[in-house]
Amino acid sequence: MHRRTFLFSLAALATQPALAPYDPKPNGLLDSAAGSWKGTLTYRDYQNPDKMVVLPTRIAVSMTGPDELALYYVFDDGPGKTVYSYERMLFNALKGELIWASGITKPSSSTYRVTVATSADRTSKIAFEKASDSGVDRYTFEISPRAWTLAKVEVRSGGAETLRSKYDLIKSDG
């Protein structure tokens, strides 16, 4: 009898579901990033630097890991011309850096130093920068449940700052 009880107990233990480890929750700074966004990209024209160009823009953002965003952009660049772009942003908190990869046809990747990473009242602010040939490229990124801004300012070696581009978007999904 004891042997039968033992074998039955052993069989019951063997049929228990295995406990799989859960993936970590998203980085709190990126909580509001996932979803569909719409608005504009304003950028300084490369051929006429005194002129700012505004393009209607949509971005679909998903999280591919707790610290990584995948971005899919659709730009309306005039009658009959739609431009697409694909990027990934990996935030490495331990190293204080952001690895930003873009492009499929001509892939590229850059590493930026994160200088600010704060979150309060469901709004996250992240600033990051990288030295360039003529100074520093500085970005400010702000995300809330309803708004997304990402601005690039070029800071030249003499200290002059020029706004190169800025996304102003609102969440377009529920």
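Please refer to the structure higher up on the page.
All values derive from a computational prediction rather than experimental measurement.

## Considering the overall build of the chain
Next, step 1: If you tally the helices and strands in the chain, you get one helix and ten strands.
Next, step 2: A buried classification covers 31% of the 174 residues belonging to the chain.
Next, step 3: Within the chain, contacts between residues separated by at least 24 positions form 31% of all contacts whose residues are at least 6 apart in sequence.
Next, step 4: Accessible surface, the chain as shown: approximately 11,400 Å² in total, 55% of it carbon and sulfur.

## Quick notes on the nonpolar core
Next, step 1: The biggest cluster of nonpolar side chains holds 27 residues, and the ones touching the most others in it are I59, L69, F128, F141, W148 and Y167.
Next, step 2: Look past the residues within four positions of I59 in its chain and what remains in contact with it is G35, S36, W37, L71, Y72, Y73, W148, Y167 and L169.

## Details of the environment of L98
Next, step 1: Tracing the backbone shows L98 in strand β5 (residues 97-102).
Next, step 2: The class for L98 is buried, based on a relative accessible area of 0%.

## Comments concerning the pattern of salt bridges
Next, step 1: Across all of its chains, the model carries ten salt bridges by this definition.
Next, step 2: Between K152 and D137 there is a salt bridge whose closest N-O contact spans 3.9 Å. Placement of the pair is K152 in strand β9 (residues 147-156) and D137 in strand β8 (residues 135-143), with a sequence separation of 15 residues.
Next, step 3: By relative accessible area, D137 is classed as buried at 15%.
Next, step 4: Its salt-bridge partner being E154, residue R156 comes within 3.2 Å of it at the nearest N-O pair.
Next, step 5: Connected through salt bridges with shared partners, the residues D137, K152, E154, R156 and R164 form a single ionic network.

## Brief notes about the sheet that holds β9
Next, step 1: Spatially, ten strands are ordered β1-β2-β3-β4-β5-β6-β7-β8-β9-β10 in a closed barrel, and the strand pairing comes out antiparallel. Taken pair by pair, the neighbouring strands of this sheet meet at an average axis angle of 25 degrees, ignoring direction.
Next, step 2: The pairing of strand β1 (residues 35-44) with strand β10 (residues 161-171) spans seven bridges and is classified as antiparallel. Each residue of the ladder has a partner; that of W37, found in β10, is K171.

## Here's the deal with the layout of surface pockets
Next, step 1: Estimated volume of the largest pocket: approximately 680 Å³.
Next, step 2: Considering the residues around the largest pocket, the lining is formed by 24 residues, among which L41, Y46, E87, S165 and Y167 are closest to the centre.
Next, step 3: If you list the elements that add at least two residues to the lining of the largest pocket, you get β1, β3 (68-76), β4 (82-92), β5, β6 (108-120), β9 and β10.
Next, step 4: Here the element with the most residues in the lining of the largest pocket is β4; it accounts for four residues.
Next, step 5: Among the residues forming the lining of the largest pocket, the class breakdown is 14 nonpolar, five polar and five charged.

The rules we used
- Residue numbering note: each chain is counted from 1, following its sequence as written.
- Side-chain atom pairs in this predicted model are given and counted only at pLDDT of 80 or more, local residue features only at pLDDT of at least 70, and totals for whole chains, interfaces and linings cover all residues.
- No hydrogens and no water enter the side-chain calculation; it runs on all heavy atoms of the structure.
- Numbering of helices and strands runs from the N terminus; a helix is a DSSP stretch of H or I covering at least four residues, while a strand is a stretch of E covering at least two.
- Buried residues are those whose accessible area, probed at 1.4 Å on protein chains only, stays under 20% of the maximum for their type, while exposed residues exceed 50% and partly exposed ones sit between those limits.
- By the convention used here, residues are in contact when the closest approach between their heavy atoms is within 4.5 Å.
- Per-residue accessibility takes into account occlusion by the displayed protein chains alone, with areas from the Shrake-Rupley method and a 1.4 Å probe.
- We define the nonpolar core as a collection of buried residues of types Ala, Val, Leu, Ile, Met, Phe, Trp, Tyr and Cys that are connected through side-chain atoms lying within 4.5 Å of one another.
- Salt bridges are identified by distance alone: a Lys or Arg side-chain nitrogen within 4 Å of an Asp or Glu carboxyl oxygen.
- Two strands pair under a simple rule: DSSP has to find at least two bridges between them.
- Angles here are taken between N-to-C directions and fall from 0 to 180 degrees, while the axes themselves are lines fitted to C-alpha atoms, restricted in helices to the stretch in contact.
- Two kinds of site are reported from a 1 Å grid over the protein atoms alone, namely cavities, where a 1.4 Å probe fits but cannot get out, and pockets, open sets with protein on both sides within 12 Å along at least five of seven lines, and residues are called lining when an atom falls within 4 Å of a point.
- Grid points are joined across faces, edges and corners, and a volume is the space filled by probe spheres set on the points.
- In this classification, the charged set is Asp, Glu, Lys and Arg, the nonpolar set is Ala, Val, Leu, Ile, Met, Phe, Trp, Tyr, Cys and Pro, and all remaining amino acids, among them Gly, are polar.

It is worth stressing that arrangement in space is one thing and function is another; only the former is reported here.
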